[in-house]
Amino acid sequence: MKLVSPDRERAFSLVEVTLAIGITAVALVSLMGMLPKGMQTLQRANDKAVMARIHQQVLGEIQLTPWEDSDGSSQIETFDGQIRYYDDQGIEIPASDSGSLKHVYTARILVPRPNSKLPESVGGGTHGGVRVPGETMLADGALPSDFMRLVIVEITGIASPDFQANPESGFEDPANRKMIFTYQTFAVKMGQEYGTEE
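Fair warning: this is a prediction, and the values are worked out from it, not measured in the lab.

Caption draft 1: Focus on the nonpolar core. Among the nonpolar cores identified, the biggest contains 19 residues, and Ile54, Val58, Ile62, Tyr105 and Ile155 are the most heavily contacted of them. Of all the secondary structure elements, the ones that give two or more residues to this core are helix H1 (14-64), strand E3 (105-110), strand E6 (148-156) and strand E7 (180-188). With 6 residues, H1 is the single largest residue contributor to this core. Residues contacting Val58, with those up to four places away along its chain left out, are Arg84, Tyr86, Ile109 and Val153. Residues Ile83, Tyr85, Ile93 and Ile180 belong to the second largest nonpolar core, which totals 7 residues.

Below is the structure:
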């Protein structure tokens, strides 16, 4: 008959240790499988946040630009068709850095004139201008909608050399449409600048 000391502690058996390692391995493999999906979701959320920041920067710049020069020529028209380049934080970089490691996002700004053709990336068709139902003419003969312009900002993270070589046609390429985020907004002429009388 064996005598076992009452103060001796019992250890884990080999079967118990093997089961614990197996359960831990299954849990770790499951967690590792979810990691790439989580990283993709995080990258997509970051892209959307940076692209929204770029859109707000462009819209703010347009909103702060006087709509006409002193000679009456439109300054807001200068934004139409511009291509701009941004880094991973949404900070604009020079066009000379396009295609470099600094360049992450490309944006195209469109400020269509009334009765102009819209790009296919936003559905094509003709932009009839901004019209407000039931609007009445102002004292100076203008319509309230004359102080509103449609602004379309298309942003993408496409880094292929073909796209970088010719971004204008790259934005129009149907193969790229799913990789282009489009923001449509209205810019409003906020007030009237008055000169001093001499």
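Caption draft 2: Structural detail: the environment of Asp47. With respect to the helices and strands, the residue Asp47 is situated in helix H1. Distance in space between the C-alpha atoms of Asp47 and Thr156 is 9.2 Å, their sequence separation being 109 residues. Side chain to side chain, Asp47 and Tyr105 meet in a polar contact 2.6 Å long.

Caption draft 3: Structural view of the pairing of E3. Most of E3 sits out of view: 6 of its 6 residues are buried. Of the two faces of E3, the one holding Tyr105, Ala107 and Ile109 and the one holding Thr106, Arg108 and Leu110 are both buried throughout. Note that strand E1 (residues 83-86) and E3 share 4 bridges and pair antiparallel. Bridging across to E3, Tyr86 finds its partner in Tyr105. Relative to E6, E3 runs antiparallel, the two sharing 5 bridges. Considered in E6, the bridge of Arg108 is made with Glu154.

Caption draft 4: Highlighting the pattern of salt bridges. Here the structure, examined in full by the defined rule, presents 7 salt bridges. A salt bridge links Glu61 to Arg84; the nearest nitrogen and oxygen atoms lie 2.8 Å apart. Residue Glu61 is found in helix H1, and its partner Arg84 is found in strand E1; the two are separated by 23 residues along the sequence. Looking at Arg84, the relative accessible area reads 8%, which means it is buried. When the shortest N-O distance is used, the salt bridge between Arg113 and Asp80 registers 3.9 Å. Of this pair, Arg113 sits in the loop between E3 and strand E4 (116-117) while Asp80 is found in the loop between H1 and E1, placing the two residues 33 residues apart along the sequence. Beyond isolated ion pairs, a larger network of salt bridges with shared partners links Glu77, Asp80, Arg113 and Arg149.

Caption draft 5: Inspection of the side chain of Glu77 at higher detail. Here Glu77 lies in the loop between H1 and E1. Relative accessible area serves as the criterion here: at 19%, Glu77 is assigned to the buried category. Polar contacts involving the side chain of Glu77 include one to the side chain of Arg113, which spans 3.1 Å.

Caption draft 6: Expanded view of H1. In this model H1 runs 74 Å from its N-terminal to its C-terminal C-alpha over 51 residues, within 8% of the 75 Å that 1.5 Å per residue would give. The largest bend along H1 measures about 25 degrees and falls at Leu35, with the proline Pro36 one to four residues further on. Among the residues of H1, those classed as buried are Val50, Met51, Ile54, His55, Val58, Leu59 and Ile62. Buried positions along H1 lie against E1, E3, E6 and E7.

Caption draft 7: Region of interest: the pairing of E1. By the alternation rule, side chains of E1 split into Ile83 and Tyr85 and Arg84 and Tyr86, which are all buried. Note: E1 against strand E2 (residues 92-93), 2 bridges, orientation antiparallel. When the bridges of E2 are listed, Tyr85 appears paired with Ile93. Between E1 and E2, which pair antiparallel and follow one another directly, the connecting turn spans 5 residues, one of which, Gly90, has a positive phi of 85 degrees.

Rules and cut-offs
Residues numbered from 1 in each chain as written. Predicted model: local features only at pLDDT ≥ 70, side-chain atom pairs only at ≥ 80, totals over all residues. Heavy atoms only, no water. Core = buried A, V, L, I, M, F, W, Y, C linked by side-chain atoms within 4.5 Å. Buried < 20%, exposed > 50% of the residue type's maximum accessible area, 1.4 Å probe, protein only. Helix = DSSP H or I, 4+ residues; strand = E, 2+ residues; numbered from the N terminus. Contact = heavy atoms within 4.5 Å. Polar contact = N/O pair within 3.5 Å; in protein donor to acceptor, adjacent residues only side chain to side chain. Pairing = 2+ DSSP bridges. Salt bridge = Lys/Arg side-chain N within 4 Å of Asp/Glu carboxyl O. Expected span 1.5 Å × (residues − 1). Bend = angle between axes of the 7 residues up to and from the residue.

Purely spatial values, then, with no claim about function.
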